[in-house]
Amino acid sequence: MNNKVIGLLAVALLILLISSEVRAQTQPETVTEAGAIFPKGRRAPTSNFTGTVWVQPLIEPDSAVNIPVGYVTFEPGARSYWHHHPGGQVLLALGGIGYYQEQGKPVQILRKGDAVKCPPNIPHWHGASPTNEFRQLAITPNTTTGRVTWLQPVTDKEYNNVKQ
Ligand code: MN
């Protein structure tokens, strides 16, 4: 092989190494997004959430199918304020590690595949664990009397009162 060919091979090898390195670095993010199925959406208003939360509306309710469905991503440590739903709510855990708590009950840990039914008008909150994000579908039926009533923030003491 002459020097020109060796030079080209060296450049090709370098490009291969760099591209696989870039792939390795970006893979965790790619896996998260691919595993998420739905687009992450927009940042939720900070008025009703602690930390960073993303919401993608999937189904907008109308008179024929009055069931809004949203895809929600809580970054680690993020959670909703206390709130209740006049028509109740169903949460489907898609990934990560989440927390769910109804007033007067212990915090439940949610993992991919868990399903939760929140009864109407029962104060509760949901969010991510401190070290892992949490991805959920929120299905909020019977919205004729409203979707949600927001209450006070979840304190750090409440948030950290988790029995593993
Ligand atoms: Mn809720």
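Going by the structure above, here's the rest.
Residues numbered from 1 in each chain as written. Predicted model: local features only at pLDDT ≥ 70, side-chain atom pairs only at ≥ 80, totals over all residues. Heavy atoms only, no water.

## Let's talk about the pairing of strand S8 (residues 108-111)
Consecutive residues of a regular strand have side chains that alternate between opposite faces of the sheet. As paired elements, strand S7 (residues 89-102) and S8 share 4 bridges and run antiparallel to each other. Residue pairing for S8: tyrosine 100 is matched across the bridge by glutamine 108. If you look at the hairpin formed by S7 and S8, you'll find 5 residues sitting between the two strands, and glycine 104 has a positive phi there, around 85°. (Pairing = 2+ DSSP bridges. Helix = DSSP H or I, 4+ residues; strand = E, 2+ residues; numbered from the N terminus.)

## Remarks on the pairing of strand S3 (residues 53-59)
In the sheet, strand S1 (residues 42-43) pairs with S3 via 2 bridges, with the strands oriented antiparallel. Looking across to S3, one finds that arginine 42 is bridged to valine 55. Relative to strand S4 (residues 69-74), S3 is paired through 6 bridges, and the arrangement is antiparallel. Pairing of tryptophan 54 across the sheet is with threonine 73, part of S4.

## Brief notes about the nonpolar core
Counting residues in hydrophobic clusters, the biggest one holds 15 residues, and the most contacted among them are Val53, Phe74, Leu91, Tyr100, Leu110, Val116 and Phe134. Element by element, the count of residues in this core is highest for S7, at 3 residues. Residues within four places of phenylalanine 134 in sequence aside, it is in contact with Val72, Thr73, Phe74, Ala93, Gly95, Gly96, Ile97, Gly98, Leu110, Gly127 and Ala128. Listed in part, the 7 residues of the second largest apolar core include Trp82, Trp125, Val154 and Tyr159. (Core = buried A, V, L, I, M, F, W, Y, C linked by side-chain atoms within 4.5 Å. Buried < 20%, exposed > 50% of the residue type's maximum accessible area, 1.4 Å probe, protein only. Contact = heavy atoms within 4.5 Å.)

## A word on the coordination of the manganese ion
Summarising the metal site, the manganese ion is bound by the protein donors His83 (NE2), His85 (NE2), Gln89 (OE1), His124 (NE2) and His126 (NE2), whose distances to it range over 2.2 Å. Of note, the donors binding the manganese ion are all from one chain and are spaced H-x1-H-x3-Q-x34-H-x1-H. (Donors = N, O, S within 2.8 Å, 3.2 Å for Na, K, Ca; no water.)

## A word on the packing of aromatic side chains
In total, this model carries 7 aromatic pairs according to the counting rule given. On the basis of an interplanar angle of 20° and a centroid distance of 6.5 Å, the ring pair of phenylalanine 74 and phenylalanine 134 is categorised as stacked. With phenylalanine 74 in strand S4 and phenylalanine 134 in strand S11 (residues 134-139), this residue pair connects regions lying 60 residues apart in the sequence. Take phenylalanine 74 and phenylalanine 134: they sit in the same class, and that class is buried. By way of ring pairs, the aromatic residues Phe49, Phe74, Phe134 and Trp150 are connected into one cluster. For the cation-ring pair, arginine 79 lies above tyrosine 159, with the distance from its terminal atom to the ring centre recorded as 4.2 Å. (Phe/Tyr/Trp six-rings, centres within 6.5 Å; stacked < 30°, edge-to-face > 60°. Lys NZ or Arg CZ within 6 Å of the ring centre and 35° of its normal.)

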